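Listed below, chain by chain, are the residues.
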Amino acid sequence: MSTEGSEKLRFANFLSEFLDFAKRDESGNIVFPGSVTDAAAALDVEELALFSVIDLIASAGSLCEWRTYQNDKRTRGEDWYSWNISPNQNQNAVEFRRLLLARLLRFNEALVFSRNGEYFLADSFCRETYAFRPNVYSGITCGNLTLSYTLMEPDVFYFRLANQHAAALLGNLRRLYSRAMEEAWNKYQNSGGRSGILKISAQASGRKSFETDLEKLMNQRFKTFFEKKNAVLPLLDGYDYIPQNGPSVQKSTSEVSDMESLIRQAQDRACNAYHVPPSILRGDVSSLEDAVNSMLSFGVKPTLSIIQTEVNRKSYGKAVLDGWYLRIDTTHIKTVDVFAVAEKVDKLIQDSVYNPNDIREKLDDEVIPEKWANEYVRTKNVESALTGQKGE
């Protein structure tokens, strides 16, 4: 669904399929809407892969600090508090940012509006677009509340990916994977089953109670016999059951491999759509650093850049030319081993790239409340930026 025109979408419908309040069957399996059978519903691999990739990107992006600047100097004012601590009275900043990213990635668009100095993420809305006047937003819902008034383009933060609805494109493959998974599941259930031949004598088939005896045997006794691991099958006179054993009724690894292959393919398609290396989703630790760098460069940062640009143009406008802006710092996403980067840190400080407190922040450590910790130092073999001479 799209929010353009008169259509609405609710992100809660997406989350409810994966959270504890999702509809479940008697076995506790999550029931996915629109599936062909209950077994296929519990094995909706495409939706699960999509959710896993989106949650991975959203979780990584929510760890960033949204830094605010005034006259090109970092400040911590009302804007910083709203984006990093508490956007509204019911949500903390990490939860808010995670939902924002997830909704943007899942539905290709998201809307944030302000009310009484607080920021709220819309669950659904209608957007009317115009060429030469501000767009209009109506029917905005947030939780159980629907705004009774409309908002104009300058009054909201509207985020939209670059006209690529990845989730919708992947949705076209959903029916294909559902059918394939259903076939694999049926094949798995049928393989390794217990089968046999029931011989009935002419004398037994000629009894008046034959139909009743046969129905009871087939629907009750055989059912109990096949369901139990250890069981005894009582037979009437004239009935002979011969079990069939052989390769055709033995389980093999091919059925499980078929399902694993479908899951892997669905994961790969979702990862490719959102520019995430599949090895990260599968937990492959080989070349993990390169994979993480690729995900941050092509999967996380472009989405954050869209959010950052929209916030700057709506909150600061042309004041960004005077050094008033917001910048989303992505350096806190990766966990850094302080001992592994000790030599590199020393070089960064010597070359005046960072001061000690800058380094401590990037290492996720407390800053030092001392003046010298915020000063930049320079070794004597580094050319002075002011005089153009060495040895200063």
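Because the structure is a prediction, the values reported are computed rather than measured. (Residues numbered from 1 in each chain as written. Predicted model: local features only at pLDDT ≥ 70, side-chain atom pairs only at ≥ 80, totals over all residues. Heavy atoms only, no water.)

For the rest of this paragraph, the subject is the overall build of the chain. A tally of regular secondary structure across the chain gives 14 helices and 12 strands. Buried residues in the chain amount to 36% of all 392 residues. Put simply, the chain shows about 23400 Å² of open surface, and 51% of that area lies on carbon and sulfur atoms. (Helix = DSSP H or I, 4+ residues; strand = E, 2+ residues; numbered from the N terminus. Buried < 20%, exposed > 50% of the residue type's maximum accessible area, 1.4 Å probe, protein only. Areas by Shrake-Rupley, 256 points an atom, 1.4 Å probe, with all protein chains shown as cover.)

Let's shift gears to the packing of aromatic side chains. One pass over the full model with this rule turns up 10 aromatic pairs. Relative to Y325, the ring of Y69 has its centre 4.7 Å away and its plane inclined at 15 degrees; by these criteria the two rings are stacked. Pair noted here: Y69 is in strand β1 (residues 65-70) and Y325 is in strand β12 (residues 325-329), with a separation of 256 residues, a long-range link. By way of ring pairs, the aromatic residues W66, W83, Y119, F157 and F159 are connected into one cluster. The aromatic ring of Y130 is capped on one face by R133, whose charged end is 3.8 Å from the ring centroid. (Phe/Tyr/Trp six-rings, centres within 6.5 Å; stacked < 30°, edge-to-face > 60°. Lys NZ or Arg CZ within 6 Å of the ring centre and 35° of its normal.)

Moving on to the confidence of the model for the chain. On average, residues of the chain carry a pLDDT of 78, and 72% of them reach 70 or more. Considering only residues more than four positions removed or in separate chains, one finds that residues 1-43, a stretch of pLDDT under 50, has 86 contacts. (pLDDT = per-residue confidence, 0-100. Contact = heavy atoms within 4.5 Å.)

To continue, consider the sheet that holds β12. Spatially, the three strands line up as an open sheet ordered β2-β1-β12, and their pairing is antiparallel. The open sheet terminates on both sides in strands that have one partner only, identified here as β2 (73-75) and β12. Within this sheet the neighbouring strands show an average axis-to-axis angle of 45 degrees, counted without direction. Here β1 runs beside β2; their pairing, made up of three bridges, is antiparallel. Across the sheet, Q70 pairs through a bridge with K73, a residue of β2. In this fold helix α12 (residues 288-315) packs onto β1 and β12, with an angle of close to 165 degrees to the strand it touches most, β12. (Pairing = 2+ DSSP bridges. Axes fitted to C-alpha atoms, helices over the stretch in contact; angles between N-to-C directions.)

Next up on the list: the side chain of N355. Assignment of secondary structure puts N355 in the loop between α13 (342-350) and α14 (356-362). For N355, the side chain forms a polar contact with the main-chain oxygen of N374, separated by 3.2 Å. (Polar contact = N/O pair within 3.5 Å; in protein donor to acceptor, adjacent residues only side chain to side chain.)

With that settled, consider the nonpolar core. By size, the foremost hydrophobic cluster in this structure holds 41 residues, and its most contacted members are W83, L100, V112, F159, Y274, V300 and I307. Elements with a contribution of two residues or more to this core: α3 (45-61), α5 (93-107), β3 (109-115), β4 (118-121), β9 (156-160), α10 (253-273), α12 and β12. (Core = buried A, V, L, I, M, F, W, Y, C linked by side-chain atoms within 4.5 Å.)

The next point concerns the pairing of β9. The buried fraction of β9 is high, at four of five residues. Note that β3 and β9 share five bridges and pair antiparallel. Within β9, the position partnered with A110 by the bridge is F159.

Right, let's get into the pattern of salt bridges. In a structure, side chains of opposite charge can pair up when their charged atoms sit close to one another. This model, assessed by the stated rule, comprises 16 salt bridges. One salt bridge connects R74 with E361, and the closest N-O pair in it is separated by 2.9 Å. Of this pair, R74 sits in strand β2 while E361 sits in helix α14, and the two are 287 residues apart along the sequence. Classification of E361 by relative accessible area gives buried; the value is 16%. Across the pair R207 and D237 runs a salt bridge, and its minimum N-O distance is 3.9 Å. With R207 in the loop between α8 (202-205) and α9 (210-227) and D237 in the loop between α9 and β11 (239-244), this residue pair connects regions lying 30 residues apart in the sequence. (Salt bridge = Lys/Arg side-chain N within 4 Å of Asp/Glu carboxyl O.)

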